[in-house]
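# Overview (structure and organization)
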Amino acid sequence: APWSLMMSLTPSRGCLLDLPWEDILVPHILCHLPLQQLLSLQRVSKSFQSLIQLYLANMRCFDSSQIGPAIPRAAFVNLLKDNEVLQQLVLQNCSDWLTDRELLPVIGQNHHLHHIQLKGCAQLSRHALVAISLSCPNLRRLSLAHCEWVDSLSLRSLADHCKVLEAVDLTACRQLKDEAICYLVQKCSRLKSLSLAVNANVGDVAVEEIAKCCPELEHLDLTGCLRVKNDSIRVLAEYCPKLRSLKVKHCHNVAESSLSILRSRGVELDVEPPLQRALVLLQDVVGFAPFINLQI
């Protein structure tokens, strides 16, 4: 409906562009249109081009998926060159074109960012995370999943400068070891959600420090952290009363003896109890789960 309105109120009718741009058009009409359509609208006339440029300069959220993963580098730079008020920046899986050269100017001029998503942006470097640390003191949510360029030094910079972080995704950041994770949680004790999945270097030392430093923790993903054992899960149960979900699939050294404590509190786990797993396996084999008389 908004798109039909925009196309019907062309400049020749003298209606749309006569409305106050900053008070009406930008916050109440353009915000309802997909970014791809707004970019097309620029081609209608020079006045529309100026209007869309004003919108882009005042945009609070930029999500590359609204345009597509293969944005030309020059187009991305042009879209955000005048914007200094971004609050959310989502650049998921932009490894084909996004480098430090394109990202750093955007980060450097936007100090109000509180949510940054860089999942799968493999061509960036540690300098990107340092820039985020120095420019975004109010950052609350950060995803660096599958960004193997994240190292301990850049993570320390993040921890030193972004003290209000609530959610961090470090899935498959394989350079990180226990020491770096410990430093992060010591400095960022407000964390509610943390993913360390697919990192064989993370073990009990990091998990125990997470438990002791982050009493507000609600979600923890340890999928595939092979060095995590029962002892740290028990510490997690003791120190994190607000924990709501824990993922430990493929953590072969974590057993029901520690998970049962969390299970009894209603914490959502991604592994079934041993009996339930056995019944599911049996059902897969024979096609149904028969009644079993167990003597314990």
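Note that the coordinates shown come from a computational prediction; the quantities given were computed from them, not determined experimentally.

### Here we look at the packing of aromatic side chains
As enumerated under the stated definition, the model contains 2 aromatic pairs in all. An aromatic cluster is defined as three or more aromatic residues linked by ring pairs; in this entry it consists of F62, F76 and W97. When the ring centre of Y183 is taken as origin, the NZ or CZ atom of R156, which lies over that ring, is 3.8 Å away.

### Digging into the pattern of salt bridges
Scanning the entire structure with this criterion turns up 10 salt bridges. When the shortest N-O distance is used, the salt bridge between R244 and E218 registers 3.2 Å. One end of the pair, R244, is in the loop between α11 (230–239) and β8 (245–247); the other, E218, is in the loop between α10 (204–213) and β7 (219–221), with 26 residues separating them in the sequence. A salt bridge links R234 to D231, with the shortest nitrogen-to-oxygen separation between them at 3.3 Å. Here D231 and R234 lie together in helix α11, a separation of 3 residues that amounts to about one turn. Residue classification places R234 among the partly exposed residues on the basis of a relative accessible area of 36%.

### Observations regarding the packing of α10 against α11
Running from N to C, α10 and α11 cross one another at 5 degrees; their axes reach a closest spacing of 8 Å. One element, α10, and the other, α11, form an angle in the roughly parallel class. Contact residues: α10 offers D204, V207, E208, A211 and K212, while α11 offers D231, S232, V235, L236 and Y239. Split into classes, the residues belonging to the contact of α10 with α11 amount to 5 nonpolar, 1 polar and 4 charged.

### Considering the sheet that holds strand β3 (residues 115–117)
Strand order in the open sheet made by the 9 strands is β1-β2-β3-β4-β5-β6-β7-β8-β9, with parallel pairing throughout. In this open sheet, the two edge strands, each paired with only one partner strand, are β1 (61–63) and β9 (268–269). Two strands pair when backbone bridges link them, and β8 and β9 are joined in this way by 2 bridges, in the parallel orientation. Bridged to S245 within β9 is E268.

### Details of α11
Among all positions in α11, only N230, S232, I233, V235, L236 and A237 are buried. Summarising the contacts, the buried residues of α11 are in contact with α10, β7, β8 and α12 (256–264).

### As for the environment of P105
Of note, P105 is situated in helix α6 (residues 100–108). A relative accessible area of 46% places P105 in the partly exposed class. A sequence separation of 24 residues divides P105 from K81, and the C-alpha atoms of the two residues are 8.2 Å apart.

### With respect to the packing of helix α9 (residues 178–187) against α10
The N-to-C vectors of α9 and α10 enclose an angle of 5 degrees; their axes lie 8 Å apart at closest approach. In terms of their interaxial angle, α9 and α10 are classed as roughly parallel. Residues D178, I181, C182, V185 and Q186 of α9 pack against V205, A206, E209, I210 and C213 of α10. Looking at side-chain class alone, the contact of α9 with α10 contains 7 nonpolar, 1 polar and 2 charged residues.

Here is what the cut-offs are and how they apply
Residues numbered from 1 in each chain as written. Predicted model: local features only at pLDDT ≥ 70, side-chain atom pairs only at ≥ 80, totals over all residues. Heavy atoms only, no water. Phe/Tyr/Trp six-rings, centres within 6.5 Å; stacked < 30°, edge-to-face > 60°. Lys NZ or Arg CZ within 6 Å of the ring centre and 35° of its normal. Salt bridge = Lys/Arg side-chain N within 4 Å of Asp/Glu carboxyl O. Helix = DSSP H or I, 4+ residues; strand = E, 2+ residues; numbered from the N terminus. Buried < 20%, exposed > 50% of the residue type's maximum accessible area, 1.4 Å probe, protein only. Axes fitted to C-alpha atoms, helices over the stretch in contact; angles between N-to-C directions. Parallel < 35°, antiparallel > 145°, perpendicular 65-115°, else oblique. Contact = heavy atoms within 4.5 Å. Nonpolar A, V, L, I, M, F, W, Y, C, P; charged D, E, K, R; others polar. Pairing = 2+ DSSP bridges.

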